[in-house]
Amino acid sequence: MAINWFKYAAPASFYGLAGKMVPFFAWPAAILFALGIYIGFFVAPTDAVQSEAYRIMFIHVPVSILSMFIYLVMAGYAALGLIFNTRLSSMMATALAPTGALFAFIALWTGALWGKPMWGAWWVWDARLTSELILLFLYLGFIALQASIDDPRRADRAGALLAIVGSVNVPIIYFSVKWWNTLHQGSSIKFSDTSMHIAMKQALFIMLAACWLYVIAVTLVRVRSIILERERNTQWVSELAEVREGERS
Amino acid sequence: MNWAEFFAMKGYGLYVWGSYGAAFLVFIIEIILVRHKRKITLQQLRLMRDAGEGQ
C-alpha cells in the first residue's frame, strides 16, 4: 500500500487533521500541568541552598528550554517553506512565533523573579540573560517583519531569512553558561548527575512535557486560523461546514 | 504545614507565586486570543460568503 506522505502537507487536509488533534494535546497538557504542580509543590522537598525559591525552576526551566526549541522548529519550518515553497511549512512558522515570543517572555520574567532573591538583582547583563533577551527580540522582529509585508508569500520568505540567520543565537544561549563565566547557574538537567532529588526531576520533566503539549495544541489552533485566512478564496474553505452552515451575520 | 505557611514559601512567596501566576496568566490569555482569532476568522469568511451570494 502506498502511503501519500505529502497528503497532510496540503493546507486543506492538514486543516481537518489539526482540528481533530487539538484535544489530544490540550487535555494531556492540562492534566500534566496539574500533576507537575502537585509534585513540584507537595512532593519535591525544600532545597538545601535555595530553600523554597528553587520551586520557580519547575516553570522557568521547561519554558526556557522550549523558548529555544520553538525557535529552532520555527526556523526549520521557515527554511522548508523557503526551499521547497511549501505553503503549510511557512504557515507553521508564522503560527509558532507568538507562542515562542510568549515563552521567551515568561523565561525572562520567571528568571527575574528567581534572580532577585538569589542574586539580589532582577536583571544583570549576563551572557545567558542577554542572549535570551535577544531571542525575544528575534521573535518580535519575525512577527513585525511578517506583519509589515502585505503579500503573504513575500512575508514568508523575508521572515524565513530572519529566522534562519537568527537561529545562530540559540546555541549561544544554550552554551553561554559553559563558554562564559556567567552569574546564571549551570544546566539543571544533566543526564549523568544524581544530585537532584528524584521528585524534583519528575516535576521538571512532567512540566516540560506539559509545556510541550500546550505549545502543540495552541499552535495547531492558531495555524488553522492562518490556513483559513490565506486560503479564503478557495473552494474547499467555502465548502467547510463551519463556513457554509454558520449563522448569517 | 498549614496553608498560610505554604503560601508564604518561607518568605519567597512573592517570587514563587509571581512566577507561576504570570506564566499561567499568559497561557490563559493566549488560549483566549487563539480562540477569539478563530471566531473572528470564521465570521469574516461568513461575511464573504453572504457578500458573494448577494451578487
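Above this text you will find the structure in question.
These notes cover the structure that comes with them. (Residues numbered from 1 in each chain as written. Chains lettered and ligands numbered in written order. Predicted model: local features only at pLDDT ≥ 70, side-chain atom pairs only at ≥ 80, totals over all residues. Heavy atoms only, no water.)

1. Some remarks on the packing of aromatic side chains
Consideration 1: If you walk through the whole model with that rule in mind, you get 28 aromatic pairs over all chains.
Consideration 2: Aromatic side chains Tyr174 of chain A and Phe175 of chain A sit 5.0 Å apart centroid to centroid with 90° between the ring planes, which places their arrangement in the edge-to-face category.
Consideration 3: By relative accessible area, Tyr174 of chain A is classed as partly exposed at 43%.
Consideration 4: Ring geometry for Phe175 of chain A versus Trp179 of chain A: centroids 5.4 Å apart, planes at 20°, classification stacked. Here Phe175 of chain A and its partner Trp179 of chain A are both found in helix α6 (residues 169-179), four residues apart, which amounts to about one turn of the helix.
Consideration 5: Connected via pairs of aromatic rings, a cluster forms that spans Tyr38, Phe41 and Phe42 of chain A together with Trp3, Phe6, Phe7, Trp17 and Tyr20 of chain B.
Consideration 6: The side chain of Arg224 of chain A reaches across the aromatic face of Tyr15 of chain A, ending 4.1 Å from its centre. (Phe/Tyr/Trp six-rings, centres within 6.5 Å; stacked < 30°, edge-to-face > 60°. Buried < 20%, exposed > 50% of the residue type's maximum accessible area, 1.4 Å probe, protein only. Helix = DSSP H or I, 4+ residues; strand = E, 2+ residues; numbered from the N terminus. Lys NZ or Arg CZ within 6 Å of the ring centre and 35° of its normal.)

2. A few points about the side chain of Thr110 of chain A
Consideration 1: With respect to the helices and strands, the residue Thr110 of chain A is situated in helix α3 (residues 87-119).
Consideration 2: On the accessibility criterion, Thr110 of chain A (0% relative accessible area) is buried.
Consideration 3: In this structure the side chain of Thr110 of chain A is engaged in a polar contact, spanning 2.9 Å, whose partner is the side chain of His60 of chain A.
Consideration 4: Those residues in contact with Thr110 of chain A that lie beyond four places of it in its chain are Ile56, Ile59 and His60 of chain A together with Ser19 of chain B. (Polar contact = N/O pair within 3.5 Å; in protein donor to acceptor, adjacent residues only side chain to side chain. Contact = heavy atoms within 4.5 Å.)

3. A closer look at the interface of chain A and chain B
Consideration 1: Listed per partner, the contact involves 49 residues of chain A and 31 residues of chain B.
Consideration 2: Carbon and sulfur atoms supply 70% of the area that chain A and chain B bury against each other, a total of about 3500 Å² over both sides.
Consideration 3: Where chain A packs against chain B, one counts four salt bridges.
Consideration 4: A salt bridge links Arg222 of chain A to Glu30 of chain B, with the shortest nitrogen-to-oxygen separation between them at 2.8 Å.
Consideration 5: Seen at the junction of chain A and chain B, the total is 13 residue pairs in polar contact (both at pLDDT 80 or more).
Consideration 6: Secondary-structure elements contributing two or more residues to the side of chain A that touches chain B are α1 (11-43), α2 (57-84), α3, α7 (198-230) and α9 (241-244) of chain A.
Consideration 7: Tallying contributions element by element places α3 of chain A first for the side of chain A that touches chain B, with twelve residues.
Consideration 8: The residue makeup of the side of chain A that touches chain B, split by class, is 28 nonpolar, nine polar and twelve charged. (Buried area = accessible area lost by both parts, 1.4 Å probe. Salt bridge = Lys/Arg side-chain N within 4 Å of Asp/Glu carboxyl O. Nonpolar A, V, L, I, M, F, W, Y, C, P; charged D, E, K, R; others polar.)

4. A word on the environment of Phe69 of chain A
Residues and elements named next belong to chain A.
Consideration 1: Looking at where Phe69 falls in the secondary structure, it is placed in helix α2.
Consideration 2: Of the residues examined, Phe69 reaches a relative accessible area of 36% and is grouped as partly exposed.
Consideration 3: As for Phe69 and Val170, which are separated by 101 residues in sequence, their C-alpha atoms are 8.3 Å apart.

5. Describing unusual backbone geometry
Consideration 1: We note that Asn85 of chain A has phi near 60°; this positive angle belongs to a residue other than glycine.
Consideration 2: Mapped onto the elements of the fold, Asn85 of chain A is located in the loop between α2 and α3.
Consideration 3: Here Asn85 of chain A falls in the exposed class, since its relative accessible area comes to 51%.
Consideration 4: One non-glycine residue, Lys10 of chain B, lies in positive phi territory at about 50°.

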